Amino acid sequence: MKDRRIAMWSGPRNISTAMMRAFENRSDCMVSDEPLYAHYLSETGIDHPGRDEIIADGETDWRRVVAALGGPIPDGKTLWYQKHMCHHLTASMTRNWIEALDNVLLIRDPAAVVVSYRKARNEVSLDEIGLPQQAALFAQLADHLGRPPLVIDAEEFLSAPQAQLQRLCAELQIPFEARMLHWPAGPRDSDGIWAPHWYAAVWRSTGFEPPRPCDPQAMASLDDNSRRVVDAAEPIYRSLHAHRLQS
């Protein structure tokens, strides 16, 4: 099989890290965890947990990051899973390089995203949860491909992870491996330096867990700004959801 680079584009508080675990557990795959994060923090000035450490540890020049992501796959692997956050695509970046990758969009109900996100940060905005950027990326890829790109809905995926993974692998034209469904608990060397702030649940996990609907009480407790973000994100999410992969 020829070398392949799979870019999974998500917003925060999704199953993107669990998906990274699944691909890293393959026999043929290496992974990269949010390689544009340092650039995003440096350019936007936004204050995330561990901001200074992330910038010091990472590469802030997106051009160098992109060049590396398109280079040889390390460690003799034939598959490179690249976990990306859509909001890391800043205004200064060109985006034609994305079209050389095998791209998948990972979406989640914005109410659940915002409720989860507010547990780690006091404020939230529509741009921070990445849906406008995800919609723009969808349009770009649809124009490039002449068809909609692959879209995975997190809740539906977690309802049938094996069937969804089998369908995803078939669409990507790579062999499915059953070992993608389970992985050892704990941190990995591939985890970003920010992992202690965000990955506690994944570190405890050994596989995909059943979907958990958004807690109505948690939703009711959101402040007005958070509710406005959910309301603005909902139609964007629905437009992407219409193209989701179905097993």
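Refer to the structure above for everything that follows.
Note that the structure is predicted; figures quoted are calculated from it, not measured.

Conventions we followed
- Residues numbered from 1 in each chain as written.
- Predicted model: local features only at pLDDT ≥ 70, side-chain atom pairs only at ≥ 80, totals over all residues.
- Heavy atoms only, no water.
- Helix = DSSP H or I, 4+ residues; strand = E, 2+ residues; numbered from the N terminus.
- Contact = heavy atoms within 4.5 Å.
- Areas by Shrake-Rupley, 256 points an atom, 1.4 Å probe, with all protein chains shown as cover.
- Lys, Arg positive; Asp, Glu negative; His and termini not counted.
- Charge placed at Lys NZ, Arg CZ, Asp CG, Glu CD.
- Salt bridge = Lys/Arg side-chain N within 4 Å of Asp/Glu carboxyl O.
- Axes fitted to C-alpha atoms, helices over the stretch in contact; angles between N-to-C directions.
- Left-handed = near helix turned anticlockwise from the far one by under 90°.
- Nonpolar A, V, L, I, M, F, W, Y, C, P; charged D, E, K, R; others polar.
- Buried < 20%, exposed > 50% of the residue type's maximum accessible area, 1.4 Å probe, protein only.
- Polar contact = N/O pair within 3.5 Å; in protein donor to acceptor, adjacent residues only side chain to side chain.
- Pairing = 2+ DSSP bridges.
- Expected span 1.5 Å × (residues − 1).

**As for the overall build of the protein**
Looking only at helices and strands, the protein has twelve helices and five strands in total. Restricting to contacts in the protein with at least 6 residues of sequence separation, those with at least 24 account for 78%. Element-wise, carbon and sulfur atoms account for 49% of the exposed surface of the protein, whose accessible area totals about 11,200 Å². Side chains of the protein give 26 positive and 33 negative charges; the mean places of these two sets differ by 3 Å.

**Re the pattern of salt bridges**
By the definition in use, this model includes 15 salt bridges. Close ionic contact of aspartate 61 with arginine 64 constitutes a salt bridge, the shortest N to O distance being 4.0 Å. When the shortest N-O distance is used, the salt bridge between arginine 244 and glutamate 156 registers 2.7 Å. Residue arginine 244 is found in the segment after helix H12 (224–241), and its partner glutamate 156 is found in helix H7 (residues 154–159); the two are separated by 88 residues along the sequence. One salt-bridge network, in which partners are shared between bridges, spans Glu59, Asp61, Arg63 and Arg64.

**Examining the packing of helix H5 (residues 110–117) against H12**
Remark: H5 packs on H12, axes separated minimally by 8 Å, with the N-to-C direction vectors making an angle of 145°. Remark: the crossing between H5 and H12 carries right-handed chirality. The segment H5 lies against H12, with Pro110, Ala111 and Val114 engaging Ser226, Val229, Val230, Ala233, Glu234 and Tyr237. When the residues that make up the contact of H5 with H12 are grouped by side-chain class, the tally is seven nonpolar, one polar and one charged.

**Re the side chain of serine 10**
Its place among the elements puts serine 10 in strand E1 (residues 4–10). The exposure class of serine 10 is buried, given its relative accessible area of 0%. Within the local environment of serine 10, its side chain forms a polar contact with the side chain of asparagine 14, the two groups lying 3.4 Å apart. Not counting residues within four places of it along the chain, the set of residues in contact with serine 10 comprises Ser16, His84, Met85, Cys86, Leu106 and Gln134.

**Quick look at the sheet that holds strand E4 (residues 102–107)**
With respect to topology, five strands assemble into an open sheet ordered E2-E3-E1-E4-E5, the strand pairing being parallel. Unpaired on one side and paired on the other, strand E2 (29–33) and strand E5 (150–153) mark the two borders of the sheet. Taking each pair of neighbouring strands and ignoring which way they run, the sheet shows an average axis angle of 20°. Note that E4 and E5 share four bridges and pair parallel. Looking at E5, one finds that leucine 106 is bridged to isoleucine 152. Helix H6 (residues 131–145) contacts E1, E4 and E5 of the sheet and is inclined by roughly 145° relative to E4.

**Brief notes about H12**
Helix length check: H12 (18 residues) gives 25 Å between terminal C-alpha atoms against 26 Å at 1.5 Å per residue, within 8%. For H12, the full list of buried residues reads Ser226, Val229, Val230, Ala233, Ile236, Tyr237, Leu240 and His241. Where H12 is buried, its residues meet E4, H5, H6, E5, H7 and helix H11 (216–220).

**Considerations on the side chain of histidine 84**
Relative to the helices and strands, histidine 84 resides in strand E3 (residues 79–85). For histidine 84, a relative accessible area of 2% corresponds to the buried category. In contact with histidine 84, not counting residues within four places along its chain, are Ala7, Met8, Trp9, Ser10, Pro35, Leu36 and Leu69.

**Some words on helix H1 (residues 16–24)**
For H1, the buried fraction is high: eight of the nine residues fall into the buried class. Taken together, the buried positions of H1 are Ser16, Thr17, Ala18, Met19, Met20, Arg21, Ala22 and Phe23.

**So, unusual backbone geometry**
With a phi angle near 55°, arginine 13 is a residue other than glycine that sits in the positive phi range. Within the fold, arginine 13 resides in the loop between E1 and H1. Of note in the backbone geometry, aspartate 75 takes a positive phi value of approximately 65° without being a glycine. By the element assignment, aspartate 75 lies in the loop between helix H4 (62–69) and E3. For aspartate 75, a relative accessible area of 67% puts it in the exposed group.

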